[in-house]
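These are the residues of each chain, in order.
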Amino acid sequence: MPHTHRLENFDEHLTSHMLVTADLEAGMRLLRNFLKNNDASGAYEVAEVLLDIWTERELVHAQTEEAFLFDEIPCLKIFHRDHELMATWVDEARFTLDRDGVVSARVLMRLEALSTLLHTHHEHELECLKRHYHQLATNSSVQHVLSKCDGSL
């Protein structure tokens, strides 16, 4: 699983979230534009790319978090259900897209739901990570001060 070191650094983790979110948002805008202009072929291609981004970037990121961070940062375990929903909805959208050969209302509904979930998920996950890293910094500062004491208190 790639880039585990990036997950351990808050700023790099945040950047990872921001990049995938930006790509997915841009893709969704493009998809909506193709659908608005009745370009079924363009919409289909964009939907495939969106599902690839979900599969290859966001779901891999989620798997990496679960494998390498859930034990280290227990507050992240609450996000397992989000990861399951993402995987399920990506599978459903992919199956329906492949079966129907067009971006149906069901595919669009799943992609929109994924987009909404992603924003909420990232916001809550990053808040959890901020608390975790703040706690580590606070404990580290306290330990540093205590280690300088010579026991004469």
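See the structure shown above.
The text that follows walks through the structure, step by step, so that each part is easy to find. (Residues numbered from 1 in each chain as written. Predicted model: local features only at pLDDT ≥ 70, side-chain atom pairs only at ≥ 80, totals over all residues. Heavy atoms only, no water.)

Observations regarding helix α2 (residues 10-36)
Phase 1 of the analysis: Compared with the 39 Å implied by 1.5 Å per residue over 27 residues, the 39 Å span of α2 between its first and last C-alpha is a close match.
Phase 2 of the analysis: Those residues of α2 lying buried are F10, H13, H17, V20, T21, L24, G27, M28 and L31.
Phase 3 of the analysis: Near the N-terminus of α2, the side chain that reaches the backbone nitrogen of D11, with its oxygen 2.9 Å away, is that of N9.
Phase 4 of the analysis: Immediately downstream of α2, the backbone of N38 shows phi near 55°, a positive value. (Helix = DSSP H or I, 4+ residues; strand = E, 2+ residues; numbered from the N terminus. Expected span 1.5 Å × (residues − 1). Buried < 20%, exposed > 50% of the residue type's maximum accessible area, 1.4 Å probe, protein only. Polar contact = N/O pair within 3.5 Å; in protein donor to acceptor, adjacent residues only side chain to side chain.)

Digging into helix α3 (residues 40-68)
Phase 1 of the analysis: The end-to-end C-alpha separation of α3 is 40 Å, in line with the 42 Å expected for 29 residues at 1.5 Å each.
Phase 2 of the analysis: At W54, α3 shows its maximal bend, which comes to roughly 30°. (Bend = angle between axes of the 7 residues up to and from the residue.)

What to know about the environment of R106
Phase 1 of the analysis: Relative to the assigned elements, R106 resides in helix α5 (residues 105-148).
Phase 2 of the analysis: Once the C-alpha coordinates of R106 and T96 are considered, the two residues, 10 residues apart in sequence, prove to be 7.5 Å apart.
Phase 3 of the analysis: Leave out the neighbours within four places in its chain, and R106 touches E92 and T96. (Contact = heavy atoms within 4.5 Å.)

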